[in-house]
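# Summary of the model geometry
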Amino acid sequence: EQIHRFKGLNYLEKSLEKELNIRKVIIVPGNSDEDELILKDIGKATSNYIVDKLEKNSIIGITGGTTMAQVAEEMPVYKKKSDLLVLPARGGLGENVETQANNIAAKLAQKLCGNYKLLHVPDNLSEEAMEALLSVKEIKEVVDIMRNINMLVFGIGRADIMASRRHFSDDVVKHLCENRAVAESFGHYFNTKGKIIWETNTIGISLSDFKNIKTIIGVASGENKAEAIISICRLKEDMTLITDEGAAKKILNIV
Ligand code: BG6
């Protein structure tokens with residue numbers, strides 16, 4: 001029965017790669033909308049994949065969120081010191097400390113026995129504040145390293161949910177609604193076609209940085225994120241998506 005199920009998931013993965021037109025899809029069984037424990041499996045599958053793709057001097061960028069928090073949580077502890085470096089992919093302090101990118105980056109680095117850098121920068125900066133922060137030596141240093149990120153592991157959110165989690169103003173919410181934003185990743189909001197609608201004003205990787213990163217791993221589960229996943233997969237063909245059966249089946253019905 002298990003082999004049959006495995007074969008079924010394999011078929012789903014191939015179908016989703018074709019449908020979304022991306023390089024690789026990994027699917028874990030179940031639907032995290034119905035069973036929260038599935039997020040743990042997503043964390044495990046992602047941490048295995050990260051370890052598989054690590055290179056000697058990997059510079060890993062990671063975003064915040066509950067999914068990324070599980071990735072760091074499920075990463076096994078390595079004892080052999082490595083030169084790899086983990087950074088938060090973008091500023092923004094998020095809703096609570098456990099799901100902040102800084103915290104997740106530090107935890108992941110410790111588990112992998114590597115190094116980390118933190119970025120203490122809030123979301124929604126004014127132009128002046130941004131310029132001032134970029135002239136601070138410690139921040140400039142992290143920003144420069146960020147340009148060399150060669151592996152990005154990121155969460156994918158629904159635009160509406162992320163807008164309310166981040167307490168956006170009515171004007172921004174209206175703009176996102178009117179332009180039919182469906183997805184959010186690394187502070188950028190996109191419509192179903194993957195067209196950018198808005199981005200938060202903070203320091204970190206931009207859409208053009210994203211397009212130039214060698215190893216891109218997007219992670220999101222639950223059928224409620226189907227549309228958001230479709231949108232983000234339009235950004236780059238050469239990416240890997242790690243998702244669950246719930247999201248995969250929903251996508252294959254609606255693409
Ligand atoms: C945020 C990331 O913290 O988590 C976002 O910065 C991402 O880019 C979001 O969309 C996803 O959150 P979750 O909790 O659904 O994994």
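Residues numbered from 1 in each chain as written. Predicted model: local features only at pLDDT ≥ 70, side-chain atom pairs only at ≥ 80, totals over all residues. Heavy atoms only, no water.

## Description of the sheet that holds strand β11 (residues 240-244)
Here is the rule we go by: Between any two strands, at least two bridges found by DSSP are needed for them to pair. Only DSSP runs of H or I reaching four residues or more are called helices, and only runs of E reaching two or more are called strands; each is numbered from the N terminus. Any two residues having at least one pair of non-hydrogen atoms within 4.5 Å are treated as being in contact. Note on method: axes are straight lines fitted to C-alpha atoms, helices fitted across the in-contact stretch only, with angles between N-to-C directions ranging 0 to 180 degrees.
The seven strands lie next to each other as β1-β11-β10-β5-β2-β3-β4, forming an open sheet whose pairing is parallel. With one partner strand each, in any of the chains shown, β1 (24-28) and β4 (115-116) form the two edges of the open sheet. Across the sheet, helix α4 (residues 101-111) lies against β2 (59-62), β3 (85-88) and β4, angled at about 170° from β3, the strand it touches most.

## Some points on the site of the ligand
Our working rule: One heavy atom suffices: a residue is near a molecule or strand as soon as one of its heavy atoms comes within 4 Å of it. Here a polar contact means two N or O atoms within 3.5 Å. Within protein one must be a hydrogen donor candidate and the other an acceptor candidate, and residues neighboring in sequence count only if both atoms are side-chain atoms. To be clear on the numbers: accessible area is Shrake-Rupley with a 1.4 Å probe, and residue cover counts the displayed protein chains and nothing else. Detection works on a 1 Å grid of protein atoms alone, calling trapped sets that fit a 1.4 Å probe cavities and calling open sets with protein on both sides within 12 Å along at least five of seven lines pockets, with lining residues defined by an atom within 4 Å of a point. Occupancy of a cavity or pocket is assigned to a molecule whenever over half of its atoms lie within 2 Å of that pocket's grid points.
Taken together, 15 residues are adjacent to the ligand, and T66, T67, G157, E184 and K225 come closest. Within the backbone of G157, a nitrogen or oxygen atom sits 2.8 Å from an oxygen atom of the ligand. Within the side chain of E184, an N or O atom sits 2.4 Å from an oxygen atom of the ligand. When the ligand is considered free in solution it has 390 Å² of accessible area, and contact with the protein chains removes 92% of it. In a pocket analysis with a 2 Å cut-off to the grid points, the ligand is assigned to the largest pocket. Listed by contribution, the elements that provide at least two residues to the shell around the ligand are α3 (66-74), α7 (159-165) and β7 (181-185).

## Some remarks on a negative patch on the surface
Applied cut-off: What makes a patch is a set of residues exposed beyond 30% relative accessible area and free of salt bridges, joined within 9 Å when like-charged and within 5 Å when nonpolar (Val, Leu, Ile, Met, Phe, Trp, Tyr). A carboxyl oxygen of Asp or Glu within 4 Å of a side-chain nitrogen of Lys or Arg is what we treat as a salt bridge. As used throughout, the charge tally considers Lys and Arg to be positive and Asp and Glu to be negative, leaving His and the chain termini uncounted. Taken as the charge centre is NZ of Lys, CZ of Arg, CG of Asp or CD of Glu, depending on the residue. Relative accessibility under 20% of the residue-type maximum defines a buried residue, over 50% an exposed one, and the middle range a partly exposed one, all with a 1.4 Å probe and only protein chains included.
Taken together, the side chains of D33, E34, D35, E36, D41 and E223 present a region of like negative charge at the surface. Here D35 shows up in the loop between β1 and α2 (38-53). Since its relative accessible area comes to 35%, D35 is described here as partly exposed.

## Observations concerning unusual backbone geometry
Even without glycine at this site, C113 takes up a positive phi of about 60°. With respect to the secondary-structure elements, C113 resides in the loop between α4 and β4. In the Ramachandran plot, F186 falls in the positive-phi region, its phi being about 35° despite a non-glycine side chain. Inspection of the secondary structure assignment puts F186 in the loop between β7 and β8 (188-191). The buried category is assigned to F186, whose relative accessible area is 4%.

## Some points on the packing of aromatic side chains
Here a ring pair, both rings aromatic, is described through the centre-centre distance and the interplanar angle of the planes. For clarity, the cut-off: Pairs were defined over the aromatic rings of Phe, Tyr and Trp, the Trp ring being its six-membered one, requiring ring centres within 6.5 Å. Orientation was assigned from the angle between planes: stacked under 30 degrees, edge-to-face over 60, tilted for the rest.
Using the criterion set out here, one finds seven aromatic pairs in the structure. Relative to Y189, the ring of F168 has its centre 5.6 Å away and its plane inclined at 65°; by these criteria the two rings are edge-to-face. Placement of F168 in the loop between α7 and α8 (170-178) and of Y189 in strand β8 is noted, with a sequence separation of 21 residues between them. By relative accessible area, Y189 is classed as buried at 0%. Taken together, F154, F186, F190 and F210 form an aromatic cluster joined through their ring pairs.

## Describing the nonpolar core
We apply this condition: Working definition of a nonpolar core: buried Ala, Val, Leu, Ile, Met, Phe, Trp, Tyr and Cys residues. They are joined through side-chain atoms within 4.5 Å.
Formed by 48 residues in total, the largest nonpolar core has its most connected members in F154 and L241. With residues up to four places along the chain from it excluded, the contact list for L241 reads L16, L20, I22, K24, V25, I26, I156, G218, I229 and C233. The next biggest cluster of nonpolar side chains, apart from the first, holds 26 residues, and it includes V28, I42, L84 and L112.

## Focus on the packing of α3 against α4
Selection criterion: Angle categories: roughly parallel below 35 degrees, roughly antiparallel above 145, roughly perpendicular from 65 to 115, and oblique for all the rest. In this scheme the crossing of two helices becomes right-handed for a clockwise turn of the near helix relative to the far one and left-handed for an anticlockwise turn of less than a right angle. Classification used: nonpolar for Ala, Val, Leu, Ile, Met, Phe, Trp, Tyr, Cys and Pro, charged for Asp, Glu, Lys and Arg, polar for all others including Gly.
Viewed as axis vectors pointing N to C, α3 and α4 meet at an angle of 20°, and their least axial separation amounts to 8 Å. Between α3 and α4, the interaxial angle falls into the category roughly parallel. Like other packed secondary-structure pairs, α3 and α4 cross with a definite hand, here left-handed. Of the residues in α4, those touching α3 at M68, A69, A72, E73 and E74 are I104, K107, L108 and K111. Classifying every residue of the contact of α3 with α4 by side-chain character gives five nonpolar, no polar and four charged.

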